[in-house]
Amino acid sequence: MTVRILLCDDHVVVRAGLLALLGSTPDIEVVGEAGSGEEAVAMAAKLKPDVVLMDLQLGAGIDGVEATRRIAPTGVHVLVLTTYDTDADITRAIEAGATGYLLKAERPEELFAAIHAAAQGRTALSPPVASRVMDRMRGAAGPSLTDRERDILGQLAHGLGNKEIARALFISEATVKTHLGRIYAKLGVDTRAGAVAVAKEQRLLP
């Protein structure tokens, strides 16, 4: 199957390079070029490509994320191709409806494979991007606390001090302090009240 592509990048030299690269493979056809987000939206509606290859930073006007948000609901798949791999950029693009997120540093064969995957509606992510997404998902699931740390958190929630926690759990006060330090680090807090608040928010209490 020949995949019909619309390129969107505000740098003429970059578009020329992509045009030459994509022209080297017989099963990908570039049907249009856009230099701005507005152009991409209009051309996607007119040309109905299989995939829009979308840069994120597009100079003046709407950016690639907003263009993606407007194009994705029409059924045209958007594959982000950018140099930016921050958590914020990745999250915004995916939430806007991007089918895939590829970095410009990827090898040509990776780009070709991602284009074909996007054309079929399958997610295509550069390895560094996939790692970031997984890390965010793990973070969203909450920090990993040991059973002992959860026990101490429970005692904290009941307002007990270090000496009382040590007595209740049959451990030394020094051990309680060590565990508290680890709990604070995992929860990103530096006070007992902060630890209890985050624990309640993330449902970490036993």
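Residues numbered from 1 in each chain as written. Predicted model: local features only at pLDDT ≥ 70, side-chain atom pairs only at ≥ 80, totals over all residues. Heavy atoms only, no water.

How should the overall build of the chain be read in this particular structure?
The helix and strand tally for the chain stands at 10 helices and six strands. For the chain, whose C-alpha radius of gyration is 25 Å, the value lies well above the compact-globule estimate of 17 Å for 206 residues. Along the longest, intermediate and shortest principal axes, the C-alpha atoms of the chain span 75 × 30 × 25 Å. The proportion of buried residues among the 206 residues of the chain is 41%. (Helix = DSSP H or I, 4+ residues; strand = E, 2+ residues; numbered from the N terminus. Rg over C-alpha atoms; globule rule 2.2 N^0.38 Å. Buried < 20%, exposed > 50% of the residue type's maximum accessible area, 1.4 Å probe, protein only.)

What is the right way to read the side chain of Gln 155 from this model?
Mapping Gln 155 onto the fold places it in helix α7 (residues 147-157). Look past the residues within four positions of Gln 155 in its chain and what remains in contact with it is Leu 160, Ile 165, Ala 168 and Leu 169. (Contact = heavy atoms within 4.5 Å.)

What should I look at first to understand the sheet that holds strand β6 (residues 124-125) in this one?
Strand pairing in a sheet takes place through backbone hydrogen bonds and is either antiparallel or parallel in direction. One open sheet holds the six strands; their spatial order is β2-β1-β3-β4-β5-β6, and the pairing between them is parallel. Here the strands that pair on one side only, and so sit at the sheet edges, are β2 (28-34) and β6. By the bridge criterion, four bridges tie strand β1 (residues 3-8) to strand β3 (residues 51-54) in an arrangement that is parallel. What sits directly across from Cys 8, in β3, is Met 54. (Pairing = 2+ DSSP bridges.)

What should I look at first to understand the packing of helix α9 (residues 173-187) against helix α10 (residues 192-201) in this one?
Relative orientation and spacing of two packed helices are given, respectively, by the angle between their axes and the distance between those axes. Running from amino to carboxyl end, α9 crosses α10 at an angle of 55°, the nearest separation of the two axes being 10 Å. One element, α9, and the other, α10, form an angle in the oblique class. Handedness of the crossing formed by α9 with α10: left-handed. Only Arg 192, Ala 195 and Val 198 of α10 make contact with α9, whose side of the interface consists of Leu 180, Ile 183, Tyr 184 and Leu 187. In terms of residue class, the contact of α9 with α10 is made up of six nonpolar, no polar and one charged. (Axes fitted to C-alpha atoms, helices over the stretch in contact; angles between N-to-C directions. Parallel < 35°, antiparallel > 145°, perpendicular 65-115°, else oblique. Left-handed = near helix turned anticlockwise from the far one by under 90°. Nonpolar A, V, L, I, M, F, W, Y, C, P; charged D, E, K, R; others polar.)

I would appreciate a short explanation of helix α4 (residues 87-96) in the present structure.
Helical periodicity: at 3.6 residues per turn, an α-helix aligns residues three or four positions apart in one direction. Residues Asp 89, Ile 90, Ala 93 and Ala 96 constitute the buried set of α4. Buried residues of α4 fall within an arc of 140° about the axis and therefore sit on the same side. Where α4 terminates, the next one or two residues include Gly 97, which has phi positive at roughly 115°. (Arc of directions from axis to C-beta.)

Honestly, the confidence of the model for the chain in this entry has me stumped. Any pointers?
When pLDDT drops low, the exact placement of atoms in the prediction is not to be read closely. Summing up the model confidence of the chain, the mean pLDDT is 88 and the portion of residues at 70 or higher is 94%. β3 holds the highest mean pLDDT among the elements of the chain, 96, whereas helix α6 (residues 127-140) holds the lowest, 67. (pLDDT = per-residue confidence, 0-100.)

It is not clear to me how the UniProt feature "modified residue: 4-aspartylphosphate" (unreviewed entry) in the chain should be interpreted in this structure. Could you clarify?
Under the present numbering, the feature "modified residue: 4-aspartylphosphate" (unreviewed entry) in UniProt falls on Asp 55. Looking at the secondary structure, you find Asp 55 in the loop between β3 and α3 (64-71). Beyond its immediate stretch of four places on either side in the chain, Asp 55 contacts Cys 8, Asp 9, Asp 10, Gly 64, Leu 81, Thr 82 and Lys 104. (UniProt positions renumbered as here; feature names shortened; annotations may be inferred.)

For this particular structure, what's the right way to read the packing of α7 against helix α8 (residues 162-169)?
α8 packs onto α7 with a crossing angle of 125° between their chain directions and a minimal axis gap of 10 Å. Considering the angle they form, α7 stands oblique to α8. Of the two elements, α7 crosses α8, and the hand of that crossing is right-handed. Residue-level inspection shows Arg 148, Asp 151, Ile 152, Gln 155 and Leu 156 of α7 in contact with α8, the latter providing Ile 165, Ala 168 and Leu 169. Residues of the contact of α7 with α8, tallied by class, amount to five nonpolar, one polar and two charged.

Is there a simple way to think about the environment of Gly 121 in this case?
One can find Gly 121 in the loop between α5 (108-119) and β6. Linking Gly 121 and Ala 98, residues 23 residues apart in sequence, is a C-alpha distance of 10.0 Å. With residues near it in sequence (within four places) discarded, Gly 121 still touches His 77 and Thr 99.

So what exactly am I meant to see when it comes to unusual backbone geometry here?
One can expect most non-glycine residues to show negative phi and most peptide bonds to be in trans. The phi torsion at Lys 48 lies on the positive side, around 50°, for a residue other than glycine. Relative to the assigned elements, Lys 48 resides in the loop between α2 (37-47) and β3. With a phi close to 60°, Phe 170 is a non-glycine residue in the positive phi region. Relative to the helices and strands, Phe 170 resides in the loop between α8 and α9.

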